[in-house]
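Single-letter residue listing:
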Amino acid sequence: MISLDKITKTFGAAHAVSEVSFSVPEGAFLVLLGPSGCGKSTMLRMLAGLDQPTSGTMHFGDTLVADGAAGLALPPANRGTGLVFQSYALWPHMTVAGNIEWPLKVAKLSAAERKNRVLDAMRMLGIEMLANRYPGEISGGQQQRVALARMIAPRPKVMLFDEPLSNLDATLRVEMRFELLKVHAATGATAVYVTHDQVEAMTMATHVAVMNKGRIEQFDAPDRLLSEPSSAFVAGFVGTPPANLIPIEEGKWFGTMADPLLRGHSGHAMVRAEQIEITSNDDVRAFDAVLAEVAPMAGRYLVTGLVHGHRITAVSNHAVNRSAKLCFRLPGAPSAIFDNEGKRIL
Ligand SMILES: Nc1ncnc2c1ncn2[C@@H]1O[C@H](COP(=O)(O)OP(=O)(O)OP(=O)(O)O)[C@@H](O)[C@H]1O
Ligand SMILES: [Mg+2]
């Protein structure tokens with residue numbers, strides 16, 4: 001449905017997006033995931049038609065919507081896209097129903113059709129009772145529901161979201177994640193969802209594009225990002241908690257303990273928290289750690305300690321005794337090894 005070929009966007013000499021290529025099928029829920037400044041919003045704005053690529057092509061189905069080099073771009077209104085931002089941007093002088101109806105008026109739908117669609121959209125988001133209130137008279141969570149209703153009322157083929165939940169509190173975020181997935185499933189539209197929150201990505205996505213410095217680090221299914229991260233960046237970014245990236249030098253853990261399983265490599269070894277055993281015994285695979293913090297999680301504890309100055313996190317079934325000696329025992333083999341540039345080599 002959406003297919004990008006070497007999409008690049010430069011602002012002067014700066015590359016906001018560099019040679020991004022991917023395609024997702026109709027009905028996919030694609031998440032663009034990455035840290036601040038990596039080019040997520042720029043990507044989304046190009047999909048919406050608010051920005052033009054400097055080079056590269058973009059198709060929605062068989063339709064060429066943008067060709068950077070040729071200077072061709074379909075205007076936003078002709079793309080069949082709907083957009084929701086972090087800030088809800090509702091018209092303060094229009095009621096909830098009026099806000100949802102607005103894009104339908106712009107599209108010149110008949111009054112009867114508009115009424116139907118506004119009702120449908122309000123029902124889908126459970127906000128019928130707010131129809132006659134003004135944005136200033138409803139909560140932030142309700143405002144975001146109105147923004148979603150306004151986006152789906154024109155029945156877009158492609159739904160675009162730029163961090164739509166980041167202004168909501170934690171409980172509302174979870175609730176709205178569920179609402180969003182419901183809307184997505186009910187409409188059958190293709191969704192592109194921008195976030196820097198890897199939990200949102202892992203729970204909602206059918207496909208994830210992990211971005212870093214304007215490039216795609218990995219384009220994959222969510223579970224593959226955990227099982228087969230293609231770079232140190234991905235390994236250190238996704239997962240709850242993210243994987244430990246333990247420095248290795250010429251086949252030595254922390255540059256100190258030689259291990260044939262590291263095969264002489266230098267860079268970082270990936271070890272998940274659940275692979276590290278917490279002990280108080282020194283043995284050949286255990287490293288002394290200085291306790292940094294203990295966080296309860298789902299009946300277990302995430303125990304973080306410093307080993308040779310590096311933060312390492314392990315999972316424990318028991319709370320650790322703060323006064324006892326703490327050692328982390330490493331597993332036999334790391335799950336992956338990355339070179340000093342972050343590229344996966346094992
Ligand atoms: N209009 C612009 N002019 C110049 N530089 C820009 C412009 N828009 C974005 N950039 C730059 O492009 C890069 C990517 O910005 P973008 O807004 O896409 O990042 P982002 O991933 O959405 O970040 P965040 O998570 O903070 O919203 C940044 O370095 C940014 O400063
Ligand atoms: Mg952004």
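Visitor: Is there a simple way to think about unusual backbone geometry in this case?
Guide: Most peptide bonds are trans, and most residues other than glycine sit at a negative phi. Across the junction of Thr240 and Pro241, the peptide omega takes the value -5°, indicating a cis bond. Checked against the element boundaries, Pro241 lands in the loop between helix 8 (232-237) and strand 12 (244-249). At Lys6, a position not held by glycine, the phi torsion is positive, near 50°. By secondary structure assignment, the location of Lys6 is in strand 1 (residues 2-11). Of the residues examined, Lys6 reaches a relative accessible area of 47% and is grouped as partly exposed. The backbone of Glu19 sits at a positive phi, close to 45°, despite the residue not being glycine. Taking the relative accessible area as the measure of exposure, Glu19 reaches 48% and is therefore partly exposed.

Visitor: What is the right way to read the environment of Gly342 from this model?
Guide: Mapped onto the fold, Gly342 is located in the segment after strand 21 (336-338). For Gly342, a relative accessible area of 13% translates into the label buried. For Gly342 and Ala70, which are 272 residues apart along the polypeptide, the C-alpha to C-alpha distance reads 35 Å. If we skip the residues at most four places from it in the chain, Gly342 touches Ser230, Ser231 and Ala232.

Visitor: Can you walk me through the sheet that holds strand 2 (residues 14-24) in this structure?
Guide: To summarise the sheet geometry, strands pair through backbone hydrogen bonds and adopt either a parallel or an antiparallel arrangement. Spatially, 2-1-4-5-6 is the arrangement adopted by the five strands of the open sheet, whose pairing is antiparallel. Only two strands of the sheet have a single neighbouring strand rather than two, namely strand 2 and strand 6 (72-73).

Visitor: Looking at this model, I keep getting lost on the sheet that holds strand 9 (residues 190-195). Mind explaining?
Guide: The mixed open sheet is built from six strands, whose spatial order is 7-8-9-3-10-11. At either margin of the open sheet sits one strand with a lone partner, and together these are strand 7 (81-84) and strand 11 (215-220). Strand after strand, the sheet turns through a mean of 15° between neighbouring axes, direction not considered. Along the sheet face, helix 1 (residues 40-48) touches strand 3 (29-33), strand 7, strand 8 (158-162), strand 9 and strand 10 (207-212) and points at about 150° away from the line of strand 8.

Visitor: What is the right way to look at the site of ligand 1 in this model?
Guide: Taken together, Phe11, Ala16, Pro35, Ser36, Gly37, Cys38, Gly39, Lys40, Ser41, Thr42 and Glu163 make up all the residues around ligand 1. Residue Lys40 places a side-chain N or O atom 2.8 Å away from an oxygen atom belonging to ligand 1. At 2.6 Å, a side-chain N or O of Thr42 approaches an oxygen atom of ligand 1. For ligand 1, whose free accessible area comes to 640 Å², the fraction covered by protein is 54%. Sorting elements by how many residues they give to the shell around ligand 1 places helix 1 first, with three residues. Within the shell around ligand 1, the residues separate by chemical class into four nonpolar, five polar and two charged.

Visitor: Hey, could you run me through the domain arrangement of the protein in this one?
Guide: A common way to state how big an interface is: give the accessible area lost once the parts meet. With domains assigned, the protein is organised as domain 1 (2-232) and domain 2 (241-338). Here the C-alpha centroids of domain 1 and domain 2 sit 39 Å apart. Summed over both partners, the interface of domain 1 with domain 2 buries about 400 Å², with 67% contributed by carbon and sulfur atoms. Per-residue buried area on domain 1 facing domain 2 is highest for Leu226, Pro229 and Ala232; these three make up 82% of the total on that side. Here domain 1 and domain 2 share zero salt bridges between them. At the junction of domain 1 with domain 2, the criterion picks out one residue pair in polar contact (both at pLDDT 80 or more). Among the residues making up the side of domain 1 that touches domain 2, the classes are represented as three nonpolar, two polar and no charged.

Calculation rules
Residues numbered from 1 in each chain as written. Chains lettered and ligands numbered in written order. Predicted model: local features only at pLDDT ≥ 70, side-chain atom pairs only at ≥ 80, totals over all residues. Heavy atoms only, no water. Helix = DSSP H or I, 4+ residues; strand = E, 2+ residues; numbered from the N terminus. Buried < 20%, exposed > 50% of the residue type's maximum accessible area, 1.4 Å probe, protein only. Contact = heavy atoms within 4.5 Å. Pairing = 2+ DSSP bridges. Axes fitted to C-alpha atoms, helices over the stretch in contact; angles between N-to-C directions. Near = heavy atom within 4 Å. Polar contact = N/O pair within 3.5 Å; in protein donor to acceptor, adjacent residues only side chain to side chain. Areas by Shrake-Rupley, 256 points an atom, 1.4 Å probe, with all protein chains shown as cover. Nonpolar A, V, L, I, M, F, W, Y, C, P; charged D, E, K, R; others polar. Domains from an automatic or database assignment. Buried area = accessible area lost by both parts, 1.4 Å probe. Salt bridge = Lys/Arg side-chain N within 4 Å of Asp/Glu carboxyl O.

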